[in-house]
Amino acid sequence: MLTSLVLLSLQNSSKQRQVRKKTVSFSSMPSDRKMNSTAACMAFMLEGCEMKKVRSNSRMYNRYFLLDPDLRWLRWEPSKKDSEKAKLEIKSIKEVRLGKKTPVLRSNGLSDQFPDECAFSIIYGDNYESLDLVASTADVVSTWVMGLRYLVSYGRHTVGVVEPSQSSVRTSWIGSVFELADIERQGHIDLFRATQIIKGLNPGMRESRIELKFKELQKAKDCYGEGIDLDTFVEVYCELCTRAEIFFLLVQFSSNKEYLDSKDLMLFVEVEQGVEGETEEMCREIVHKYEPSAEGRDRGYLSIDGFTHYLLSSECHIFDPQHKRVCQDMTQPLSHYYINSSHNASLLEDHYWGSSDISSYVRALRMGCRSLEVVVWDGPDCEPVVYVGSSVASQLAFSKVLDVINQYAFESSEYPLILCLVTHCSVPQQRVMAQHMKKILGDKLHTEPPSLDEHYLPSPEKLKGKILLKGKRLPPDTQDSEGEVTDEEEGLEMSRRMVSMDEKDQLNGIGYKRLRLCKELSDLVTLCKSVQFRDFESSKREQKYWEICSYNEVDANRFANEFPEDFVCYNKRFLSRVFPTPMRIDASNMNPQDFWKCGCQIVAMNYQTPGLMMDLNLGWFRQNGNCGYVLRPAIMREEVSYFSANARDSLPGVSAQLLHIKVISGQNLPKPRGSAAKGDVVEPYIYVEIHGIPADCAEQRTKTVSQNGDNPIFDESFEFQINLPELAVLRFVVLDDDYIGDEFIGQYTIPFECLQPGYRHVPLQSLTGEFLPNTTLFVHVAITNRRGGGKAHKRGLSVRKGRKAREYTSTKTTGIKVVDELFRASTQPLREATDLRENVQNAMVSFKELCGLTPAANMKQCILTVSSWLLNSERSLRVTVDLSEAYPTMEAQGPVPELLRKVLTAYDTMIQTSRTLIESADSVYCKLTQAQRAGLDFHEDLHRIGAKEGLKGRKLQKAMESYAWNITVLKGQADLLKHAKGEAVDTLRQIQCAAHSCGLAKNGASTSPASPLLPPHPRPHGPLHTIPETEPPDTEPSTPH
């Protein structure tokens, strides 16, 4: 089938070339042309197109490129050279690189002139020269790369090797589906049945689109209105159900360019998807699970349809499945967690018109909410009722609300539920409230008084299955059955402000009314006693760990902006609850990130109001099994650490990450609900947003794809620097481009820590949070380290940005002599730690770039690339990886080309720097941790020592901040070094696995590929030499013109 199509293309392209005029217009691929097979790529290449040829002097020339009819030569015109010199023999091609992956395309003069998706390079000849090209669109690039890669594998065979009558696994399967539908054996089926079959095989596809394609094809064959025969059915299926971007991916990894066998699939899963420990048997299970054809399953082949099903499955979801269950340490104090919280949970709509409904509590609890607000008023017949604002008409009996809470409290999460009681009841009805809670909630109600010997709240683990009451409490020495307390009603604006010590005594609760509180209700409040916030200094001295303050969002925002460091420190020990300003009568939501960055644990959200803010909240709490608790970043929990909520740069001791997102395509994007403009036409574009600390917040958008919601191709890459990964959230938003106003199609929000690398599908959700059926985005995700650190299996990669002088993290002067002397002694180990990490980083980047890969590539991809060079070489080159030693060496037998020699040298440098890191890291790590422990010895007496040396006021406060900064730097740099060592070990393991997979392992190697041997004792080493952050040597010899 492939050959017949190619032969037909030869005839058509030959005729076209006879009448084609030479032009240098920079045209793109026709929009109606779909590259869903290798034959279609060949046909396009035979016709040819204009592209820009890039010279080593950074100049670009328009040339017309086309494939010779014999499929043996690539030619270009016009050229100053005669036509016999302006050509390249297919069999001389070693590799086809996608993107800017040669020194010429990476040069500063060109890198910003065209997107990465529009560039590719052809590496050819024994000296590995490069022909660098830039096309008008990513589609044109994909077509050329796909076609050339096919020819590199099969170009030496004649076109007639494959018989035209030979059918593929795919067409045989489609034919069998057709035969099953043709019950009467008439050789055709009706249009309705044909449409339903294809719809059943591709549930997201519109029936109207399938019918239209059948009718178009029948009309072209002059058989309009007749039954659908086998050829028509196969053609329509292949046209509609082949996603070109997935076919292109299959061609890259397939050893025969038509399907993936178990070895091909194993390489894809390991190298691209980052899955460790995959075996051929596991890959055969994937084939058996997702391949639709019986023949393919029997032979262990994954066709384009099976590959598409696999990529759409939950196994290739962008969300890391380990985060679907509780995966964080739940034994930390309660104040160290973010807690999923609801504001006015009983409301269905806004505060003014909204009615109360018992189902709202059920919905919130099922969505993982762990903090509910219950506003209680006096009701008839001495029965308290629940309602909010003016929704008196829809009152809920307090006892009924408790029944629902008791039933659903721990259905979605076993961790503690906090009930925030806002009591407006008289004392008699308060007693009724207390009786109801004891009777209905029973043992679930936490009644054990706080321990005076503790300094922090109990952990969620310890409080499993318990309901905590947040509310006012009478003084412990109260003997009467009732007493007076201040009522911090959240319906009123907080009027208290940060004031001087002289004014504090005068305020005496201004802005709050007084209310009577019965002791029976008061005694039920244990670990969440509501108190008024005065100021951070007073709280540090006087507040008990079981006391909690509530803040109007206006006040909380002011504290976050004016006292960011103090707010973070305060929240290390105490719980803070932030609630929306009463000005939000429409029940709109505040941005929870504004308060999470300050460490505020309970940010109350209006669950009934969908939109961006609720997307962030629900997406954020998915990362720990949706249990309602998320552990805060370590830098915000440690007793002595420095963190500013308004940080606009990298943080001391936190490894910045680079997130590389390529938005490839969309699938079955629906028309926005309620939209009447443009009929059924959808013109989508995508925003990729990062939400987190101010330094991380960013957004970028794709182009608009005209009139295509079925399978729009975007093919655009974006890069984001994430300075605090633990607090970052990624959000995809799909909009319909409309001249009246862009309309919402769908979105998906995911915490940065939950991203899976590789080719992933992103499920889209509606405005109200429901998943849209069969509606997805197809993306590629890579996460790399800017300066080392991170999880090895996801972030065991290093990358550099630009050519800058090496930056060393240093300590700050406190002004306290004895403390400064201690920190000054840590300068050298801090520099050593940085050199150890960045030497490896720079060596790895140089090796990757010489292999023609981006810094985002992993080591398996590098070894696979070297293997493919050797496989496609005309010379008898032999390179092996010796795994008999702890540090695998790459050796060449006989003469090798200059580029390969440089690759071997870069590999050796990378191994040597990795060895130095692995063998030196422990001693440097010990020096840093010892300095940190010695510094912490001053913590308790630092204030007194500073005052003794004459520091006071702002200078003393500055000394305390510098001290915290230094402790954070020492711990952070020690942790980064420890992680870098782990990554270096992981790199050696990747090399071993890849060498075995690619057949480069030296015969007789006995080391297991799963665990590289490391020397038991560190070897002596000389002084550390800095590896300069420069581009690798120019490896691009002259190219033909």
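Predicted, not measured: the structure shown is a model, and the values here were computed from it. For every chain, the first residue of the written sequence is number 1, and numbering continues from 1 along that sequence. Thresholds applied to this predicted model are a pLDDT of at least 70 for local features of residues and 80 or more for the giving and counting of side-chain atom pairs; totals over whole chains, interfaces and linings are not thresholded and use all residues. Side-chain numbers come from the whole structure's heavy atoms, not from hydrogens or water.

Novice: How would you sum up the nonpolar core? Please name residues and give values.
Specialist: Only buried Ala, Val, Leu, Ile, Met, Phe, Trp, Tyr and Cys residues count toward a nonpolar core, and they belong to the same one when joined by side-chain atoms within 4.5 Å. Only protein chains enter the accessibility calculation, which uses a 1.4 Å probe; a residue whose area is less than 20% of its type maximum is buried, one above 50% is exposed, and one in between is partly exposed. Counting residues in each nonpolar core, the largest one holds 77 residues, and the members touching the most others are Leu-419, Met-437 and Phe-567. It only takes one pair of heavy atoms within 4.5 Å for two residues to be counted as in contact. When near neighbours in sequence (up to four residues on either side) are disregarded, Met-437 contacts Phe-398, Leu-402, Leu-421, Gly-442, Leu-445, Leu-469, Leu-521 and Leu-524. Tyr-642, Ala-921, Ala-984 and Ala-995 belong to the second-largest nonpolar core, a separate cluster that totals 67 residues.

Novice: Talk me through the sheet that holds strand 7 (residues 129–134); I want residue IDs and the actual numbers.
Specialist: Ordered in space as 4-3-2-1-7-6-5, the seven strands form an open sheet in which the pairing is antiparallel. Edge positions in the sheet fall to strand 4 (87–89) and strand 5 (93–98), since each of these pairs with one other strand and no more. Looking at each pair of strands side by side, their axes are set apart by 30° on average, direction ignored. In short, DSSP must find at least two bridges between two strands for them to pair. Helix and strand definitions follow DSSP, with helices as H or I runs of at least four residues and strands as E runs of at least two, each counted in order from the N terminus. In terms of strand pairing, strand 1 (residues 49–54) meets strand 2 (residues 60–67) through six bridges, oriented antiparallel. The angle between two axes is taken between their N-to-C directions and runs from 0 to 180 degrees, where each axis is a line fitted to C-alpha atoms and a helix contributes only its stretch in contact.

Novice: Quick rundown of the confidence of the model for the protein? Include the residues and the values.
Specialist: One number per residue, pLDDT, summarises how confident the predictor is, and it ranges from 0 to 100. Of all residues in the protein, 83% attain a pLDDT of 70 or more, and the chain-wide mean is 82. Within the protein, strand 22 (residues 629–631) carries the highest mean pLDDT (97), whereas helix 24 (residues 792–795) carries the lowest (37). For residues 350–354, every residue scores under 50 in pLDDT, and the model assigns this stretch 16 contacts once sequence neighbours within four places are set aside.

Novice: Would you mind going over the packing of aromatic side chains in detail, with residue names and values included?
Specialist: A pair of Phe, Tyr and Trp rings is counted when the ring centres sit within 6.5 Å of each other, with Trp represented by its six-membered ring. The angle between the planes then sorts it: under 30 degrees is stacked, over 60 is edge-to-face, the rest tilted. Per the counting criterion, the structure on display carries 34 aromatic pairs. Pairing Phe-178 with Phe-233 gives two aromatic rings, centres 5.6 Å apart and planes at 50°, and the pair type is tilted. Remark: Phe-233 occurs in helix 8 (residues 230–241) and Phe-178 occurs in helix 5 (residues 169–181); sequence separation between them is 55 residues. Classification of Phe-233 as buried rests on a relative accessible area of 0%. Connected via pairs of aromatic rings, a cluster forms that spans Phe-533, Phe-536, Tyr-551, Phe-559, Phe-563, Phe-567, Tyr-570 and Phe-574. Two conditions define a charge sitting above a ring: the NZ of Lys or the CZ of Arg must be within 6 Å of the ring centre, and it must be within 35 degrees of the ring normal. One residue, Lys-812, lies across the ring of Trp-965, its end atom 4.0 Å from the ring centre. One Lys or Arg, Arg-831, reaches over the ring of Tyr-808 and ends 3.8 Å from the middle of that ring.

Novice: With reference to specific residues and values, describe the packing of helix 5 against helix 8.
Specialist: Interhelical geometry of helix 5 versus helix 8 gives an angle of 120° and a closest axis separation of 10 Å. The angle between helix 5 and helix 8 places the two elements in the oblique class. Classified by chirality, the crossing of helix 8 by helix 5 is right-handed. For the pair helix 5 and helix 8, the contacting residues are Arg-170, Thr-171, Trp-173, Ile-174, Gly-175 and Phe-178 in the first and Leu-230, Phe-233, Val-234, Tyr-237, Cys-238 and Cys-241 in the second. In the contact of helix 5 with helix 8, the residues fall into nine nonpolar, two polar and one charged. By definition in this entry, angles of less than 35 degrees are roughly parallel, angles greater than 145 are roughly antiparallel, angles of 65 to 115 are roughly perpendicular, and the rest are oblique. For any pair of crossing helices, the crossing counts as left-handed if the nearer helix is rotated counterclockwise from the farther one by less than a right angle, and right-handed if it is rotated clockwise. Residue polarity follows a fixed list, in which Ala, Val, Leu, Ile, Met, Phe, Trp, Tyr, Cys and Pro are nonpolar, Asp, Glu, Lys and Arg are charged, and the others, Gly among them, are polar.

Novice: Break down unusual backbone geometry for me, citing the residues and quoting the values.
Specialist: The phi angle of most residues is negative, glycine excepted, and most peptide bonds adopt the trans form. In this structure, Leu-71 takes a positive phi of about 60° despite not being glycine. Overall, the relative accessible area of 9% leaves Leu-71 in the buried class. Located in the positive-phi region is Asp-715, a residue other than glycine, with phi close to 50°. You can see Asp-715 is positioned in strand 26 (residues 713–722).

Novice: Outline the pattern of salt bridges, listing residues and values.
Specialist: Here, a salt bridge means any Lys or Arg side-chain nitrogen found within 4 Å of an Asp or Glu carboxyl oxygen. Tallying each qualifying case throughout the model produces 41 salt bridges. Here Arg-206 and Asp-710 are joined by a salt bridge, their closest N and O atoms 2.9 Å apart. With a gap of 504 residues between them, Arg-206 in the loop between helix 6 (191–201) and helix 7 (207–220) and Asp-710 in the loop between strand 25 (698–701) and strand 26 connect regions that are remote in the sequence. In this structure Asp-710 comes out as buried when scored by relative accessible area, which is 16%. Lys-971 is the partner of Asp-975 in a salt bridge, and the nearest nitrogen-oxygen pair spans 2.7 Å. Here Asp-975 and its partner Lys-971 are both found in helix 30 (residues 954–998), four residues apart, which amounts to about one turn of the helix. Taking relative accessible area as the criterion, Lys-971 reaches 25% and is therefore assigned partly exposed. A cluster of three or more residues bridged by salt bridges with shared partners is formed by Arg-206, Arg-209 and Asp-710.

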